[in-house]
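A look at the structure
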Amino acid sequence: MLTTMRELAGRIARLHASPTHPVWLDGLRVNVSTTTSAGMGGLTRPVLALVAQGAKQTTLADRVYDYRAGQYLIASLELPVTGRVTQASAAEPFIGLGLPLRKEVITELLLETGGGSRADDDAGSGIVTADADEELLDAVVRLLRLFDRPADFTVLGPGVEREIHWRLMNGPRGAAVRRIGMEDSRVSLVGRATQWISRHFDRTIRIADLADEIGVSVATLNRHFRAVTAMSPLQYQKQLRLQQARLRLMAAPDDVAAVGYAVGYDSPSQFSREYRRLFGEPPGRDMHRIQEYTEVGA
């Protein structure tokens, strides 16, 4: 397993150093960092996030997930998270990858093998972590080897991706993966809700309208939504607004009021107050902190 981990880290590092990423691995993300990082927000989609070296932390509302070399994180739907590298150095950089989890592949595997059980829908959070076994690591390495033989990917790539999904579906967090492909699962229901909120994040949302759109009662929506995302639909919308605002401020740090209006806030003071509550600093100071952190190479 140690040999496999070394090859995995080396292949990720090579891919990261390449000037062009292979288009035949659509959605693959690789990360190599020689320093720890400040927490940065973003909207994660269904993904396998695997660490080959170092450690990382992902936060969803009040839930904190730490994972390190030889471990992985599964996100089963769109979620506003904050992620940061917690262990890295010049001698031993953080090395990790993110591989999209494809609903159609999971659904196909469920149909071929008789589908998931009702117990698959009992687990709560939309994010879980686990240790990677030898079979999963070997499959990921074989997928990355195709970087050296891109012409082979059309024939071999889909089969290896399918194997990775299968290994995850039958691993220690398999229920979280299987739920992605189950149309009537709690995760699928909440996933439809989060997609609707994402399309309307800058508008005033009525929970009754959202529940009607999804086809459930308000009480059912709220119960399932909080179980999966650790927040209410309106809290989820607020996180989307503020994370979108932070991204826009990085491009226009002096335009705080305009950014606040653009993401749906009517009051600059309310925008600044809620921004500070989430990120620890008001917008202007937060941008200054991020710029300072970037300038020193963090």
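Residues numbered from 1 in each chain as written. Predicted model: local features only at pLDDT ≥ 70, side-chain atom pairs only at ≥ 80, totals over all residues. Heavy atoms only, no water.

**Here's the deal with the sheet that holds strand E3 (residues 47–53)**
In plain terms, the rule: Two strands pair if DSSP finds at least two bridges between them. Secondary structure is summarised from DSSP: a helix means a run of H or I of at least four residues, a strand means a run of E of at least two, and numbering begins at the N terminus for each. Here an angle of 0 to 180 degrees is reported between the N-to-C directions of two axes, which are lines fitted to C-alpha atoms, with helices fitted over the stretch in contact.
An order of E1-E8-E3-E6-E9 is seen for the five strands of this open sheet, with the pairing classed as antiparallel. In the strand order of this sheet, the two ends are held by strand E1 (29–33) and strand E9 (127–131), each with one partner. The average undirected angle you get between the axes of adjacent strands in this sheet is 20°.

**Topic: the environment of Arg 289**
The condition that has to hold: The buried label applies to any residue whose accessible area, calculated with a 1.4 Å probe on protein chains only, is under 20% of its type's maximum; exposed applies above 50%, and partly exposed to all values in between. Every residue pair with non-hydrogen atoms within 4.5 Å of one another is taken to be in contact.
Along the polypeptide, Arg 289 turns up in helix H12 (residues 283–295). The exposure class assigned to Arg 289 is partly exposed, which follows from its relative accessible area of 31%. Sequence separation of Arg 289 and Leu 28 is 261 residues, and the distance between their C-alpha atoms is 29 Å. Apart from the residues within four sequence positions on either side, Arg 289 is in contact with Ala 38, Arg 246, Phe 279 and Glu 281.

**What about the nonpolar core?**
Counted only if it meets this: We define a nonpolar core as any set of buried Ala, Val, Leu, Ile, Met, Phe, Trp, Tyr and Cys residues linked to one another through side-chain atoms lying within 4.5 Å.
Ranked by internal contacts, the top residues of the largest apolar core, which has 43 residues, are Ile 127, Ile 197, Leu 221 and Phe 271. Looking at this core, the element that brings in the most residues is helix H6 (residues 186–199), giving six residues. In this structure Ile 197 touches Ile 205, Leu 210, Phe 225, Pro 233, Tyr 236, Gln 237 and Leu 240, once residues within four positions along its chain are discounted. Core analysis: the second largest hydrophobic core is formed by 41 residues, Leu 101, Ala 130, Leu 137 and Phe 153 among them.

**Some thoughts on the sheet that holds strand E7 (residues 79–87)**
Strand order in this open sheet of four strands is E2-E7-E4-E5, and the pairing throughout is antiparallel. For this open sheet the edge positions go to strand E2 (40–44) and strand E5 (63–68), each flanked by a neighbour on one side alone. Between one strand axis and the next, the sheet turns through 30° on average, direction left out of account. Sheet strands in contact with helix H9 (residues 233–251) are E2 and E7, and its direction is about 120° off that of E2.

**Some details on the layout of surface pockets**
If a probe as big as a water molecule is rolled over the atoms, it shows which places are left empty. This is how it is decided: Here a cavity denotes grid points, spaced 1 Å and computed from the protein atoms alone, that fit a 1.4 Å probe unable to get out, and a pocket denotes an open set having protein on both sides within 12 Å along at least 5 of 7 lines; residues with an atom within 4 Å of a point are the lining. Grid points are joined across faces, edges and corners, and a volume is the space filled by probe spheres set on the points. When residues are grouped by polarity, Ala, Val, Leu, Ile, Met, Phe, Trp, Tyr, Cys and Pro land in nonpolar, Asp, Glu, Lys and Arg in charged, and all others, Gly among them, in polar.
Approximately 930 Å³ is the volume found for the largest pocket. As for the largest pocket, its lining consists of 36 residues, and the residues nearest its centre are Arg 29, Asn 31, Thr 44, Lys 56 and Val 81. Sorting the residues of the lining of the largest pocket by element identifies E1, E2, E3, strand E4 (55–60), E7, strand E8 (94–100) and H12 as the ones contributing at least two each. Examining the composition of the lining of the largest pocket, we find that six residues originate from one element, E8, more than from any other. Its residues placed into classes, the lining of the largest pocket shows 20 nonpolar, twelve polar and four charged.

**Details of the pattern of salt bridges**
The line we're drawing: The salt bridge definition used is simple: a Lys or Arg side-chain nitrogen within 4 Å of an Asp or Glu carboxyl oxygen.
The final tally for this structure, using the stated rule, is 16 salt bridges. Between Glu 163 and Arg 142 there is a salt bridge, and its shortest N-O distance comes to 2.7 Å. Remark: Arg 142 occurs in helix H3 (residues 134–145) and Glu 163 occurs in helix H4 (residues 153–169); sequence separation between them is 21 residues. The residue Arg 167 makes a salt bridge to Glu 163 at a minimum N-O spacing of 3.4 Å.

**Quick word on the packing of helix H1 (residues 2–17) against H3**
Rule in force here: Take the far helix as the reference: if the near one is turned anticlockwise from it by less than a right angle, the crossing is left-handed, and if turned clockwise, right-handed.
Where H1 meets H3, the closest approach of the two axes is 10 Å, and the angle between their N-to-C directions is 35°. Judged by the sense of rotation from one axis to the other, the crossing of H1 with H3 is left-handed. Of the residues in H3, those touching H1 at Thr 4, Met 5, Glu 7, Leu 8, Arg 11, Ile 12 and Leu 15 are Glu 134, Leu 137, Asp 138, Val 140, Val 141, Leu 144 and Arg 145. Of the residues assigned to the contact of H1 with H3, the class counts are eight nonpolar, one polar and five charged.

**Quick notes on H3**
What counts here: Expected span of a helix: the number of residues minus one, times 1.5 Å.
End to end, H3 covers 16 Å across twelve residues, agreeing with the expected 16 Å (1.5 Å per residue, within 8%). What H3 keeps buried is the set Leu 136, Leu 137, Ala 139, Val 140, Val 141, Leu 143 and Leu 144. As for H3, its buried residues are in contact with H1, E3, strand E6 (71–75), E8 and H4.

**Observations regarding unusual backbone geometry**
Among all residues except glycine, the phi angle is most often negative; among peptide bonds, the trans geometry is most common. Phi at Ala 61 is positive, roughly 55°, even though this residue is not glycine. Relative to the helices and strands, Ala 61 is located in the loop between E4 and E5. Backbone geometry at Ala 230 places phi at a positive 70°, although glycine is not the residue there.

**Let's talk about the packing of H9 against helix H11 (residues 268–279)**
If you want to describe how two helices pack, look at the angle between their axes and the distance between the axes. The criterion, for reference: Here roughly perpendicular refers to angles of 65 to 115 degrees, roughly parallel to angles under 35, roughly antiparallel to angles over 145, and oblique to all remaining angles.
The contact between H9 and H11 brings their axes to 10 Å, and the two run at 95°. As judged from the angle between their axes, H9 and H11 are roughly perpendicular. Across the interface between the two elements, Lys 238, Gln 239, Leu 242, Gln 243, Ala 245, Arg 246 and Leu 249 of H9 pack against Phe 271, Glu 274, Tyr 275, Leu 278 and Phe 279 of H11. For the contact of H9 with H11, a count of residues per class yields seven nonpolar, two polar and three charged.

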